[in-house]
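# Analysis of the macromolecular model
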Amino acid sequence: MTAMTPARTEPDLSFLLDHTSHVLRSKMSAALAEIGLTARMHCVLVHALEGERTQIQLAEIGDMDKTTMVVTVDGLEKAGLAERRPSSTDRRARIIAVTDEGARVAGKSQEIVDRVHRDALATLPEADRGALLRALNRLVDDGLARPVEAPRTARRARQSR
């Protein structure tokens, strides 16, 4: 006897959000690659321009682990877009300072990011754009504001060959 698939009673919100997020990230990645940046590099440049921030603070803003952040800043330094400098307020800390060229590139990358977002929303009727953004902001501010602790996913035991 074959089991019946349970009837869905709600739209698959996880799929809808995951799929649209994945496609938007892929479009963003392709667009930023045209000027030699990744989305992470863009994030670091833009947020480092807002004020004196450490690598750790920028990693938190960009939801990056330490290793990813180090690699990202290394790439920005190699490209001459940012540099690590001593903090003016904490001699133990190092901040990420954006170079003049980095600021110019950040302006260009922000234009690209805005265009990708505008193009994505352009597929909706104008009245729906505002409604979608209000709804997503409400979810971010309320219903889906914070992740919950969940048990680790079980890993499959390593198979011997």
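Model, not experiment: these values are computed from the prediction.

## Some remarks on the overall build of the protein chain
When its secondary structure is counted, the protein chain shows 6 helices and 2 strands. Listing every helix and strand of the protein chain by position from the N terminus yields α-α-α-α-β-β-α-α. Against the compact-globule benchmark of 15 Å for 161 residues, the protein chain has a radius of gyration of 20 Å, which places it well outside the compact range. Along the three orthogonal principal directions, the C-alpha set of the protein chain runs to about 70 × 55 × 35 Å. Each of the 161 residues in the protein chain was classed as buried or not, and the buried ones make up 22%. Put simply, of all contacts in the protein chain between residues at least 6 apart along the chain, 51% involve residues at least 24 apart. For the protein chain, the exposed surface amounts to about 12900 Å²; the carbon and sulfur share of it is 53%. Both charge centroids of the protein chain, one from 25 positive and one from 23 negative side chains, sit 7 Å from each other.

## A short note on the packing of helix H2 (residues 39-49) against helix H4 (residues 66-78)
Axis separation between H2 and H4 bottoms out at 10 Å; the angle between their running directions is 80°. When the axis of H2 is compared with that of H4, the two are roughly perpendicular. Along its contact with H2, which presents Arg40, Met41, Val44 and Leu45, the element H4 presents Thr68, Met69, Thr72, Gly75 and Leu76.

## So, the UniProt feature "domain: HTH marR-type" (unreviewed entry) in the protein chain
The UniProt record marks residues 10-141 with the feature "domain: HTH marR-type" (unreviewed entry), using the residue numbering of this structure. The span residues 10-141 shows a helical share of 68% and a strand share of 8%, and its end C-alpha atoms are spaced 22 Å apart.

Thresholds, definitions, all that
Residues numbered from 1 in each chain as written. Predicted model: local features only at pLDDT ≥ 70, side-chain atom pairs only at ≥ 80, totals over all residues. Heavy atoms only, no water. Helix = DSSP H or I, 4+ residues; strand = E, 2+ residues; numbered from the N terminus. Rg over C-alpha atoms; globule rule 2.2 N^0.38 Å. Buried < 20%, exposed > 50% of the residue type's maximum accessible area, 1.4 Å probe, protein only. Contact = heavy atoms within 4.5 Å. Areas by Shrake-Rupley, 256 points an atom, 1.4 Å probe, with all protein chains shown as cover. Lys, Arg positive; Asp, Glu negative; His and termini not counted. Charge placed at Lys NZ, Arg CZ, Asp CG, Glu CD. Axes fitted to C-alpha atoms, helices over the stretch in contact; angles between N-to-C directions. Parallel < 35°, antiparallel > 145°, perpendicular 65-115°, else oblique. UniProt positions renumbered as here; feature names shortened; annotations may be inferred.

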